[in-house]
Amino acid sequence: MSVCIYPGSFDPITLGHLDIITRGSQMFDQVIVCVMVNTQKSPAFPLEKRLEMIKASVKHLGNVSVDSHAGLLVDYAKKQNAGIILRGLRAVSDFENEFAMAAMNRQLAGDVETVFLMTRTEYSFLSSSVVREIIRFGGDVSELVPKAILSDVKEL
Ligand code: ADP
């Protein structure tokens, strides 16, 4: 059985994330979306809220579950018996960071493979930080985040 972990901050989840999760769920038997607790970032949305928003967004996908982890991603992958880390790539600018992270994770756990899915063109400029910026200035994010969380993200 192929289990993959899709890690990230999801601050908040966007349609770009949901697209990667949906496509991942068609490729792998099980997808675990894992909110990584990053001590160097102070998130706009609390962890519990981010988990709640992801759960609401993926509840129609039967083989997707949602969790969080504070610590090394490869340790979490091992704990879940997952052999795959799933990441999305938007632009060349994502590549350098992702390349370094994949190399580091390979160094730490040679049997865990990182798999990349290219963004859909319509989401290639979409990021959680863009969404947060628009919300702060009272703009419309209905085309950018899953419908299920529209009322939640208005309260930033
Ligand atoms: P992180 O802080 O780990 O980058 P994010 O929540 O920003 O976490 O993103 C999680 C993953 O989703 C990353 O691999 C990122 O490149 C990918 N991603 C983010 N936005 C998009 C998008 N619009 N299209 C495709 N992939 C995306």
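Residues numbered from 1 in each chain as written. Predicted model: local features only at pLDDT ≥ 70, side-chain atom pairs only at ≥ 80, totals over all residues. Heavy atoms only, no water.

1. Overview of unusual backbone geometry
In step 1: Here D11 and P12 are connected by a cis peptide whose omega angle stands at 5°.
In step 2: A positive phi angle is found at F10, which is not glycine, with a value near 50°.
In step 3: Residue class for F10 comes out buried when judged on its relative accessible area of 2%.
In step 4: For N81, which is not glycine, the phi torsion reads 55° and is therefore positive.
In step 5: Turning to its location among the elements, N81 is positioned in the loop between α3 (73–79) and β4 (84–89).
In step 6: Of the residues examined, N81 reaches a relative accessible area of 64% and is grouped as exposed. (Buried < 20%, exposed > 50% of the residue type's maximum accessible area, 1.4 Å probe, protein only. Helix = DSSP H or I, 4+ residues; strand = E, 2+ residues; numbered from the N terminus.)

2. Brief notes about helix α5 (residues 128–136)
In step 1: For α5, the set of buried residues is S128, V131 and I135. For α5, the buried positions fall inside an angular range of 60° around the axis, keeping them on one side.
In step 2: Against α1 (15–27) and α6 (150–153) lie the buried residues of α5.
In step 3: G138 lies just past α5 and shows a positive phi near 75°. (Arc of directions from axis to C-beta. Contact = heavy atoms within 4.5 Å.)

3. A few points about the pattern of salt bridges
In step 1: As enumerated under the stated definition, the model contains nine salt bridges in all.
In step 2: When the shortest N-O distance is used, the salt bridge between K49 and D152 registers 2.6 Å. Of this pair, K49 sits in helix α2 (residues 47–58) while D152 sits in helix α6, and the two are 103 residues apart along the sequence.
In step 3: With a relative accessible area of 16%, D152 lands in the buried category.
In step 4: Here E113 ties to R106 by a salt bridge, and the two come within 2.8 Å at their closest N and O atoms.
In step 5: Judged by relative accessible area, which is 37%, E113 ranks as partly exposed.
In step 6: Bridged by salt links that share partners, the residues D19, R23, R120 and E122 form one connected network. (Salt bridge = Lys/Arg side-chain N within 4 Å of Asp/Glu carboxyl O.)

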